[in-house]
Amino acid sequence: MPRPIQATIHTEALRHNLARMRAAAPDARVWGVVKANAYGHGIERAFDGLRGADGFALLDLDEAGRIRSLGWRGPVLLLEGAFEPRDLELCSRLGLWHTVHCDEQIDMLAAHKTHQPHRVFLKMNSGMNRLGFAPHRYRSAWTRLQALPQVDEISLMTHFSDADGPKGIAHQVRVFEEITRDLPGERTLSNSAASLRFGGQAGIRADWIRPGIAVYGSAPDYPENDIVYWDLQPTMTLASRIIAVQELAAGDTVGYGSSFSAEAPLRIGVVACGYADGYPRHCSTGTPVLVDGVRTRMVGRVSMDMITVDLTAHAQAGFGAEVTMWGRAGNGALLSIDDVARAGGTVGYELMCGLALRVPVVVE
Ligand SMILES: *Cc1c(COP(=O)(O)O)cnc(C)c1O
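Within every chain, residues take consecutive numbers counted from 1 along the sequence as written. Predicted model: local features are reported for residues with pLDDT of at least 70 only, side-chain atom pairs are reported and counted for 80 or more only, and whole-chain, interface and lining totals are derived from all residues. With hydrogens and water stripped out, all remaining heavy atoms of the structure feed into the side-chain values.

A.B. asks: Explain the site of the ligand to me, please; I cannot follow it from the model alone.
C.D. replies: Near, as used in this document, describes a residue that has one of its heavy atoms within 4 Å of the molecule or strand being considered. Within the structure, the ligand sits among Lys35, Tyr39, Leu79, Lys123, His159, Asn191, Ser192, Arg210, Pro211, Gly212, Ile213 and Tyr349. One of the side-chain N or O atoms of Lys35 is found 2.6 Å from an oxygen atom in the ligand. A distance of 2.6 Å separates an oxygen atom of the ligand from a polar atom in the side chain of Tyr349. In this count, Pro and Cys sit with the nonpolar residues alongside Ala, Val, Leu, Ile, Met, Phe, Trp and Tyr, while Asp, Glu, Lys and Arg are called charged and the others, Gly among them, polar. Grouping the amino acids of the shell around the ligand by side-chain chemistry returns five nonpolar, four polar and three charged. Side-chain atoms alone can form a polar contact between residues adjacent in sequence; in general such a contact is a pair of N or O atoms within 3.5 Å, and within protein one must be able to donate a hydrogen while the other accepts it.

Okay, here's the thing in structure tokens:
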């Protein structure tokens, strides 16, 4: 028998969250962002829940091919554009739209032979300082693209650095608006956080939003707000079972490094899930976990294949009891991936993307 650990992808929850994002910016079309193999969910596994999107955005050309293989004929956008000239051949062949964020990519386009001119998204660096043309260089890049026979429609794009925090997006919106005011073309600015927090705000013209994390049931501005506040549902459950029980006496310790020691007699359950499954090793004593759908805490260090949990309040739970690391328990109880991520000093994004290959995944 395989180890009892399993991940579940919740199709209905993906549908719900996507609809939720659509409602956050009702006038915009929605890119389903499926980079990083749909944030660890698996593109093929998430597709059914996300097929209501208006297009799919990602950055890996192989993943773009997989979306087309699923029969998707609608828009597909490469968020980082071409990495080398022959990527443009694939764009022509698969009808991919692509970001243009630097001069080298314009050079590649100028040298590209195609019968079908490309739809491109010209990216401005409005303050994030990763990809995009500086504001004072944006219009000349636009003019250069406009003159190329290889280019069809030019859309305008930027990305926010602080949509989830106190700094907000106003400073970047101002820069973007100033430079693009009289340029034609569709606009796309907002990720999940910006769509939820500023989606209904007048003055931000958005033809497309680009939500990722919220679609996968994680609150982009956690802990300020959680998924209940944003009416989002977990789309991934990581669950396993108790494979052993230990009765500790006061002073007994648990696991490597004896990092946890019992103050009083304590019953603990040993769970078949460790960092080799994608459970964050930085989670320590106190990290929330559900046993039979009731909240308790992890104790001691995370090891490769096991964690240990406090069964004080779970007198009935023994060998074989259900343990939910994040997501939805059998009794319907929820444990947000954000709660667990925070305990491990990280974000929900990293946990879902880090689900290990050895964990069997089912779709429901
Ligand atoms: C990843 C990404 C998004 C989605 O961001 P979330 O925070 O997951 O909503 C949007 N736009 C770009 C350019 C991205 O790289």
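Having seen the model, we can carry on.
A.B. asks: Would you mind going over the nonpolar core with me for this structure?
C.D. replies: As a rule of thumb, nonpolar side chains are buried together in soluble globular proteins. Buried Ala, Val, Leu, Ile, Met, Phe, Trp, Tyr and Cys residues that are joined via side-chain atoms within 4.5 Å together make up what is termed a nonpolar core. Each residue is assigned to one of three classes by its accessible area relative to the maximum for its type, calculated with a 1.4 Å probe on protein chains only: buried under 20%, partly exposed between the two thresholds, exposed over 50%. Judged by nonpolar contacts, the single largest core of 79 residues is most densely connected at Val34, Ile67, Tyr216, Leu238, Tyr279, Met325 and Trp326. Counting contributing residues, this core receives three or more from each of domain 1 (11–216) and domain 2 (236–363). Every residue in contact with Tyr279, bar those within four places of it in the chain, is listed here: Cys273, Gly274, Thr287, Pro288, Met298, Val302, Ile307, Met325, Trp326 and Val340. Ranked by size, the runner-up nonpolar core spans 30 residues in total, among them Ala82, Tyr138, Phe176 and Phe198. Where each domain starts and ends comes from a domain assignment, either automatic or drawn from a database. Contacts: residue pairs with any heavy atoms within 4.5 Å of one another.

A.B. asks: Sorry, what's going on with the pattern of salt bridges here?
C.D. replies: Working definition: two side chains of opposite charge can pair if their charged atoms are close together. One speaks of a salt bridge when a side-chain nitrogen belonging to Lys or Arg is within 4 Å of a carboxyl oxygen belonging to Asp or Glu. Tallying each qualifying case throughout the model produces 21 salt bridges. Arg15 serves as the salt-bridge partner of Asp48, at 3.5 Å between the closest nitrogen and oxygen. Of this pair, Asp48 sits in helix 3 (residues 43–50) while Arg15 sits in helix 1 (residues 11–24), and the two are 33 residues apart along the sequence. Classification of Asp48 as partly exposed rests on a relative accessible area of 35%. The class for Arg15 is partly exposed, based on a relative accessible area of 35%. Taken together, the shared-partner salt bridges in this structure form one network comprising Arg3, Asp277, Asp305 and Arg358. Where helices and strands are cited, they refer to DSSP runs of H or I of at least four residues and of E of at least two residues respectively, numbered from the N terminus.

A.B. asks: Even after reading the chapter, I still don't get the pairing of strand 16 (residues 307–310), so can you show me in this structure?
C.D. replies: The two faces of the sheet receive side chains in turn, since in a regular strand these alternate between them. Of the two faces of strand 16, the one lined by Ile307 and Val309 and the one lined by Thr308 and Asp310 are each fully buried. Inspection of the sheet shows strand 13 (residues 266–271) paired to strand 16 by four bridges, in the antiparallel sense. Across the sheet, the residue bridging to Val271 is Ile307, located in strand 16. The pairing of strand 15 (residues 294–299) with strand 16 spans two bridges and is classified as antiparallel. Among the inter-strand pairings, Val299 is bridged to a residue of strand 16, identified as Thr308. At least two bridges found by DSSP between two strands is the condition for calling them paired.

A.B. asks: So what exactly am I meant to see when it comes to helix 3 here?
C.D. replies: Structurally, the α-helix is built with 3.6 residues per turn, so residues lying three or four positions apart point the same way. For helix 3, the set of buried residues is Ile43, Ala46, Phe47, Gly49 and Leu50. Summarising the contacts, the buried residues of helix 3 are in contact with helix 1, helix 2 (35–39), strand 3 (55–58) and helix 4 (61–69).

A.B. asks: Even after reading the chapter, I still don't get helix 1, so can you show me in this structure?
C.D. replies: Taking 1.5 Å as the rise per residue, helix 1 with 14 residues should run 20 Å; its terminal C-alpha atoms sit 20 Å apart, in good agreement. Every buried residue of helix 1 is accounted for by Thr11, Ala13, Leu14, Asn17, Leu18, Arg20, Met21 and Ala24. A helix is expected to span 1.5 Å multiplied by its residue count minus one.

A.B. asks: Would you mind going over the state of the cysteines with me for this structure?
C.D. replies: Joining two cysteines, a disulfide is a covalent bond between their sulfur atoms. Two cysteine sulfurs form a disulfide in these notes if their separation is within 2.5 Å. The final tally for this structure, using the stated rule, is zero disulfides. Note on Cys91: no disulfide assigned, nearest cysteine sulfur contributed by Cys102 at a separation of 14 Å. Looking at the unpaired Cys273, the closest cysteine sulfur is the one in Cys283, lying at 10.0 Å.

A.B. asks: Even after reading the chapter, I still don't get the packing of helix 6 (residues 103–110) against helix 7 (residues 135–146), so can you show me in this structure?
C.D. replies: Two quantities define a packed helix pair, namely the angle between the helix axes and the distance between the axes. Angles run from 0 to 180 degrees between N-to-C directions of axes, and those axes are lines fitted to C-alpha atoms, restricted for helices to the stretch in contact. Two elements in contact, helix 6 and helix 7, have axes whose closest approach is 11 Å; the angle formed by their N-to-C orientations is 5°. What the angle tells us is that helix 6 and helix 7 run roughly parallel. Where helix 6 approaches helix 7, its residues Asp103, Ile106, Asp107 and Leu109 are matched on the opposing element by Arg137, Ala141, Arg144 and Leu145. A class-by-class count of the residues in the contact of helix 6 with helix 7 yields four nonpolar, no polar and four charged. An angle counts as roughly parallel when it lies under 35 degrees, as roughly antiparallel when it exceeds 145, as roughly perpendicular when it falls between 65 and 115, and as oblique in every other case.

A.B. asks: Got a minute to help me understand the packing of aromatic side chains in this structure?
C.D. replies: We describe a pair of aromatic rings using the distance from one ring centre to the other and the angle between the two ring planes. Under the pairing criterion, centres of Phe, Tyr and Trp rings, with the six-membered ring standing for Trp, must be within 6.5 Å; the plane angle then separates stacked pairs below 30 degrees from edge-to-face pairs above 60, leaving the rest tilted. On inspection of all chains with the given rule, the structure shows twelve aromatic pairs. Where Phe56 meets Trp72, the ring centres are 4.8 Å apart and the plane angle is 75°; that geometry is what we call edge-to-face. Of the two residues, Phe56 sits in strand 3 while Trp72 sits in the loop between helix 4 and strand 4 (76–78), which places them 16 residues apart along the sequence. Taken individually, Phe56 and Trp72 each receive the classification buried, so the pair is uniform in this respect. The interplanar angle of 85° and the centroid separation of 6.2 Å between the aromatic rings of Trp97 and Trp208 together place this pair among those described as edge-to-face. With Trp97 in strand 5 (residues 97–100) and Trp208 in strand 9 (residues 208–209), this pair connects stretches of sequence that are 111 residues apart. Members of the aromatic cluster, each reached through a chain of ring pairs, are Trp31, Trp97, Phe121 and Trp208.

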